[in-house]
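Residue-level listing of the chains:
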Amino acid sequence: MLDEAKRRRKAAKIIAVLEHFHGPLDGLVVGDVGCSAGFIADELAAAGAGRTLGVDIDVPGLRRAADRFGERVAFVCGDGTALPFPDGSIDVLVFNHIYEHVVDPDAVVAEMHRVLSDKGTLYLGLGNRLGIMEPHYKLPFLSYLPPALADRYVRASGRADHYYERFRTRRGLRRMLRAFHVWDYTLPVLATPTRFAGSELFPGVVGRVAQAVLARAPRALLRMTLPLVPTYLWVATKTPRRPAGAALPQPPQPL
């Protein structure tokens, strides 16, 4: 969360996906839920947002973020289950790799639905329980295990005393977002990473070959891999909408 260069690269991908689906962020009210050190919120402001809000419960972190980026981002201490914003007041929300860390992600999703405007857009970066390598501790199959066994695994590895993260499967995530209309951008980003500021996903010659294969592979074949993809990139709206951007080799699909 404190790796500034990596967080800004993630922000570039988030912005590229949002702009493909929604169009420019110019003049919009944009919120980053779980903003941490504020790097992504700062990039959202730089992308043209009319007002940018960073929300987190980490008071010392928010103070540091405000010291650096407070001139163009308003940082707010707030619980995701009780966001301090009126109904329908936010045009764009970002919820990136947060849900597995919170006690009640369903309540946070309900709050984001409440504060998002009827024409608003929600960006979601969502870890998959069935991703083979657990992203926080780099231990294979850790997220597959029930809590007691997961605790033993991380203790045996020497990396933590307890495993607090709680991931969901693709089906469970879709159920969590059942109040939204959702478009899946996972395959478009993987197949055309340079279009979505994600060229670091596939470096070198091997990467270019992988990208070419993904761009041309039959959609039905790629869909078979989705249950095991480590991270899903979804865009959600309260009312039915379609992506505004240009056609892609592997287009986003509604869920």
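Rules used in this analysis
- Residues numbered from 1 in each chain as written.
- Predicted model: local features only at pLDDT ≥ 70, side-chain atom pairs only at ≥ 80, totals over all residues.
- Heavy atoms only, no water.
- Helix = DSSP H or I, 4+ residues; strand = E, 2+ residues; numbered from the N terminus.
- Buried < 20%, exposed > 50% of the residue type's maximum accessible area, 1.4 Å probe, protein only.
- UniProt positions renumbered as here; feature names shortened; annotations may be inferred.
- Axes fitted to C-alpha atoms, helices over the stretch in contact; angles between N-to-C directions.
- Parallel < 35°, antiparallel > 145°, perpendicular 65-115°, else oblique.
- Left-handed = near helix turned anticlockwise from the far one by under 90°.
- Contact = heavy atoms within 4.5 Å.
- Nonpolar A, V, L, I, M, F, W, Y, C, P; charged D, E, K, R; others polar.
- Pairing = 2+ DSSP bridges.
- Right-handed = clockwise from strand over helix to strand, strands pointing away.

Under the annotation held in an unreviewed UniProt entry, the protein carries the name Class I SAM-dependent methyltransferase and is attributed to Nonomuraea rhodomycinica.

A. Highlighting unusual backbone geometry. Residues other than glycine seldom take positive phi values, yet K138 does so here, at roughly 55 degrees. Note that K138 resides in the loop between β5 (116-127) and α5 (147-157). Phi angles above zero are rare outside glycine, and F141 is one such case at about 65 degrees. By secondary structure assignment, the location of F141 is in the loop between β5 and α5. For F141, a relative accessible area of 42% puts it in the partly exposed group.

B. Here's a closer look at the UniProt feature "domain: Methyltransferase type" (unreviewed entry) in the protein. Under the local residue numbering, the UniProt record ascribes the feature "domain: Methyltransferase type" (unreviewed entry) to residues 32-123. Taken as a whole, residues 32-123 contains 33% helix and 29% strand, while its terminal C-alpha atoms sit 10 Å from one another.

C. Structural detail: the packing of helix α1 (residues 4-21) against helix α2 (residues 39-46). The N-to-C vectors of α1 and α2 enclose an angle of 45 degrees; their axes lie 8 Å apart at closest approach. Considering the angle they form, α1 stands oblique to α2. Note that α1 runs across α2; the crossing there is right-handed. Contacts from E4, R7, R8, A11, I14, I15 and L18 in α1 reach F39, I40, D42, E43 and L44 in α2. In terms of residue class, the contact of α1 with α2 is made up of 7 nonpolar, no polar and 5 charged.

D. Main features of the pairing of strand β1 (residues 29-33). Extensive coverage of β1 is indicated by the burial of 4 of its 5 residues. Two strands pair when backbone bridges link them, and β1 and strand β2 (residues 51-56) are joined in this way by 5 bridges, in the parallel orientation. Within the sheet, the bridge partner assigned to V29 lies in β2 and is R51. Regarding topology, α2 serves as the crossover connection from β1 to the parallel β2, and that connection is right-handed. Pairing of β1 with strand β4 (residues 90-96) involves 3 bridges; the strand directions are parallel. Note that in β4 the partner of D32 across the bridge is V94.

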